[in-house]
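Below, each chain spelled out in residue letters.
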Amino acid sequence: MIDQIKDKFFSLYQQEPLLFRSPGRVNLIGEHTDYNEGFVLPAAINKEIYFAVAPNGTQAFRAYSYDMDESATFDLTEVQPSQLGWANYLLGVVAQFQKAGHHIPGFDLVFGGNIPIGAGLSSSAAVECGLAFALNQIYGLGVEKFDLVKMAQKAEHEYAGVMCGIMDQFASMFGKSGHVVKLDCRSLEYEYFTSDLDEYRIVLLDTQVKHSLASSEYNTRRQECEAGVALLRQHYPQVNSLRDVTVEMLEKHEQEFEPVTYKRCLYVVQENNRVLEACQDLAQGNLKGFGEKMYASHEGLQHQYEVSCPELDFLVEQARKNQAVLGARMMGGGFGGCTINIVHANKIEEYTQQASTAYQEHFGREPKVYVAQIVDGSSQIS
Ligand code: GAF
């Protein structure tokens, strides 16, 4: 793929580009905890976006999306959101550099990759992080990786309109081959855990469902969490986010909550505890315990946080019935996309066949199957 991107760049712009890559991510556990300042456990995977970039000596940014087969030119003296969805992830990043006082001279770009769009593998974060990383390198801007992550997240907020947390961008930038990242989304302190799951592998089953609800419901969930925090603050002024809340605090004040808000907050507080327990399981090699927490996470996402969908629930049910699977759950924002499954290496074929057949019989189409390898975060290729 990288060769195709490079060739396309040469044929469009007649010069040699610099090449970069930026990965998508999985998340083992800790869903919808990041914007509540909690913990997450993601990893960068071998589904990536590639970038060919070079300065062009003008004030224009010329971009070609390999996957969309579309090109566009933008004036860098007047960056603003575009009608082209794909371009906004790029323009959002440029705007962040400019806001931070960096001059971005004109450049040419060809980008594309193999992260399925809308599958919950964070193709948008990969695009944002990849361009942020590339511009920082090319123009020697010296921005720290932490700040690139925050700029990439802001780009998503301001140019894509999704008030995402920081997990996806952090994983794409800070991923490490063979490791998952335990990230504290409040302090941004992080710790790498080995992703060696003995004879088990990370298998993704893509429902191929892309619900348009995803971004509006995502923003609604954020507001529900904020409403819960505002209520609890009246009793506990030290509470700044659901990270600071315990199950006991919630239970004590249950009657004061709207029932929906209560369910949402309870899920987040419990999920945050699950991440910490699951990390202990991982450290102690208790993969069975880890898998059980994944199933519990799905239960919460399905019934309390209500961000799942029948296709995701069906695939998790298939996993539950199969001895070869230690744990499974929906992954990412929800309403479609992938389930993540921890499957015995010798049984991947058997399990995915069985789940695919059942899914096909029920929904009339097959899920896509990806066996994820864990790779490094954004980097320069040459
Ligand atoms: C999406 C968001 F972009 C992340 O920040 C995170 O909140 C996730 O949904 C849910 O855990 O991927």
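Residues numbered from 1 in each chain as written. Predicted model: local features only at pLDDT ≥ 70, side-chain atom pairs only at ≥ 80, totals over all residues.

- Labelled according to an unreviewed UniProt entry, the protein appears under the name Galactokinase, originating from Pontibacter qinzhouensis.
- The Subcellular location (unreviewed entry) comment attached to the protein in UniProt states, word for word, "Cytoplasm".
- Word for word, the UniProt comment on the protein under Pathway (unreviewed entry) is "Carbohydrate metabolism; galactose metabolism." (UniProt positions renumbered as here; feature names shortened; annotations may be inferred.)

1. What about the packing of helix H2 (residues 85–99) against helix H4 (residues 145–160)?
- It is the contact of H2 with H4, at a shortest axis distance of 8 Å, that shows an interaxial angle of 120°. Considered as vectors, H2 and H4 are oriented oblique to each other. Considering only the axes of H2 and H4, their crossing is right-handed. In contact with Asn88, Tyr89, Leu91, Gly92, Val93, Ala95, Gln96 and Phe97 of H2, H4 contributes Met151, Ala152, Lys154, Ala155, Glu156, Glu158, Tyr159 and Ala160.
- By residue class, the composition of the contact of H2 with H4 is 10 nonpolar, three polar and three charged. (Axes fitted to C-alpha atoms, helices over the stretch in contact; angles between N-to-C directions. Helix = DSSP H or I, 4+ residues; strand = E, 2+ residues; numbered from the N terminus. Parallel < 35°, antiparallel > 145°, perpendicular 65-115°, else oblique. Left-handed = near helix turned anticlockwise from the far one by under 90°. Contact = placed C-beta atoms within 7 Å. Nonpolar A, V, L, I, M, F, W, Y, C, P; charged D, E, K, R; others polar.)

2. Thoughts on the site of the ligand
- In the vicinity of the ligand, the residues found are Glu31, His32, Asp34, Tyr35, Ser122, Cys164, Gly165, Met167, Asp168, Gly332 and Gly333.
- Grouping the constituent residues of the shell around the ligand by class yields three nonpolar, five polar and three charged. (Near = placed C-beta within 6 Å.)

3. Section: the UniProt feature "domain: GHMP kinase C-terminal" (unreviewed entry) in the protein
- Using the residue numbers shown here, the UniProt feature "domain: GHMP kinase C-terminal" (unreviewed entry) corresponds to residues 281–348.
- Between the C-alpha atoms that bound residues 281–348 there is a distance of 23 Å. The span itself is 49% helix and 22% strand.

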